[in-house]
Amino acid sequence: LFKEVEKVPYITNFERLAIEEGMKKGLQQGEQIGMLRSARELLLDALEEKFSVIPKEIQGKLQEIEEREVLRQLHRQVIRASSLEEFLKSMQN
Amino acid sequence: LVRGTFRKSPLPSLEGPGVGDQNLKKSLVIRRGNMPDIEISYDELWKDAVEKLFPHFIKLIAPDFYPDVDWAKPIIFLDDELRQISPDSEETKRYVDRLVRVWMLDGEEKWVLIHIEIQGYRDLEFSKRMFIYFYRIYDKFKKDILSLAVFADSSKRYKPDRFSYKFYGCELSFRYRTYKVIKQDDEGLKKSDNPFALVVLAAKKSLESRRDEEKRFKFKRELVILMLEKGYSRDEILAVFRFLDGVLVLTDLEKEKIIYNDLRSKEVEKVPYITNFERLAIEKGLKQGEQIGMLREARESVLDTLEEKFSMIPEEIQGRLQKIEEREVLRQLRRQAIRASSLEEFLKLMQR
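A. Structural context of the packing of aromatic side chains. For the structure on display, the rule yields 18 aromatic pairs over all chains. Members of the aromatic cluster, connected to one another through ring pairs, are Phe126, Phe131, Phe134, Tyr135, Tyr138, Phe151, Tyr158, Phe163, Phe174 and Tyr176 of chain B.

Below you can see the structure in the form of structure tokens.
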């Protein structure tokens, strides 16, 4: 039975630590980016599913929103709204 | 649990001339439980350091030769030529050697043969090997050669410096230059501004702390700080650092972390390779993290939709959503959640 051996002339412990550190940072940041991106897409999805059309100006406005919580709030409003007009009104507030 | 052991004791073998284990390895193996073992190769570390710091190496070890070399001309490592004249096959090699072409200030081309003996190996064949290198290069390539033997072993006495031949009135004596790492003076090396002095010091400290992790940790920490104080260039730091990091490897990763954090908090910009590794890892992490985040958001949006519409979410749905790893499936479920007129309807759709 052979035990797996990593030959390491090229990755030293410090490099290993740097990789760990970097991965940790990257994962954290990446997760935030992914959630924000996904939140926008899902909001558009919801609009399309509920009202069939997505007005262009809404698409533009959504791109400008950088807070996930705001997008999530809007998402709930889409679910609640009975018409596109109602949603647009709530968005203006 | 992390433990380190030398695969073979690097102490001098007393088995006799040229006798020894053919599989003798010059490496440190770190056992890490379920994770793959790490094997650090001392040859590679030496090879790299000599190549990356070649002018400094010559300046330290052959200071009389150094000023006559035209350092503005390219330095060429003659690996192919070395292979043609090597007395041993790759498998039985227990040492590092490099053949280098340099140009002198007078325009002449000269060769330097560097031989680094890592095992403290009482080897009567050693001088003979040096002589074989010499005559093969002399014969085949007709070049003058500076032959240099560096002993990086732990024995204080082992230092063969000549090959002698005598046969019925025929005599030959071939002398070459030698440098013994363990006999060097700590203070002198510490004071030197030559980056290779730190390489030698790290190698010496590694020999002095082979079975003493605490001592090794102290040496390493001290040397890292010393290195940063020296004002070396980025490339020099990179070369010295890789060597000392490898040759003074600690089996306890927590201790490595202490030095690493020390270093990061002090002089990040001076240690570009650390930040390079970090940067590459961050990029990789970002990509992975984005996928994770998108999946997480998709899951939460299904839950948000259900909560908004039906006020409560049965626990079994939450559990089941956690198991879904494809974003498209979640997206589909979310559309269904918007369309569904009751929780029962959604549950039915989900079961499909």
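B. Spotlight on the packing of helix α12 (residues 327-339) of chain B against helix α13 (residues 343-351) of chain B. Residue and element names in this part refer to chain B. With their axes 9 Å apart at the nearest point, α12 and α13 run at an angle of 155° to one another. The angle between the axes of α12 and α13 places the two elements in the roughly antiparallel class. Taken as a pair, α12 and α13 cross one another with a handedness that is right-handed. Between α12 and α13, the residues in contact are Leu333, Gln336 and Ala337 and Phe346, Leu349 and Met350, respectively. Each residue belonging to the contact of α12 with α13 can be placed in one class, and the counts come to five nonpolar, one polar and no charged.

C. Looking closely at the side chain of Lys230 of chain B. Residue and element names in this part refer to chain B. Residue placement: Lys230 occurs in the loop between α7 (213-229) and α8 (234-247). For Lys230, which is buried and forms no salt bridge, the nearest opposite charge comes from Asp193, at a distance of 4.1 Å. A distance of 3.0 Å separates a polar atom in the side chain of Lys230 from the backbone oxygen of Ser192. Those residues in contact with Lys230, other than ones at most four positions away along the chain, are Lys190, Lys191, Ser192 and Asp193.

D. Main features of a nonpolar patch on the surface. Residues and elements named next belong to chain B. The grouping of Tyr165, Phe167, Tyr168 and Leu172 at the surface amounts to a nonpolar patch, some 490 Å² of accessible area in total. Of note, Leu172 is situated in strand β9 (residues 170-175). Accessibility expressed as a relative area gives 33% for Leu172, which makes it partly exposed.

The rules behind these values
Residues numbered from 1 in each chain as written. Chains lettered and ligands numbered in written order. Predicted model: local features only at pLDDT ≥ 70, side-chain atom pairs only at ≥ 80, totals over all residues. Heavy atoms only, no water. Phe/Tyr/Trp six-rings, centres within 6.5 Å; stacked < 30°, edge-to-face > 60°. Axes fitted to C-alpha atoms, helices over the stretch in contact; angles between N-to-C directions. Helix = DSSP H or I, 4+ residues; strand = E, 2+ residues; numbered from the N terminus. Parallel < 35°, antiparallel > 145°, perpendicular 65-115°, else oblique. Left-handed = near helix turned anticlockwise from the far one by under 90°. Contact = heavy atoms within 4.5 Å. Nonpolar A, V, L, I, M, F, W, Y, C, P; charged D, E, K, R; others polar. Buried < 20%, exposed > 50% of the residue type's maximum accessible area, 1.4 Å probe, protein only. Lys, Arg positive; Asp, Glu negative; His and termini not counted. Salt bridge = Lys/Arg side-chain N within 4 Å of Asp/Glu carboxyl O. Polar contact = N/O pair within 3.5 Å; in protein donor to acceptor, adjacent residues only side chain to side chain. Patch = residues over 30% accessible without salt bridge, like charges linked within 9 Å, V, L, I, M, F, W, Y side chains within 5 Å. Areas by Shrake-Rupley, 256 points an atom, 1.4 Å probe, with all protein chains shown as cover.

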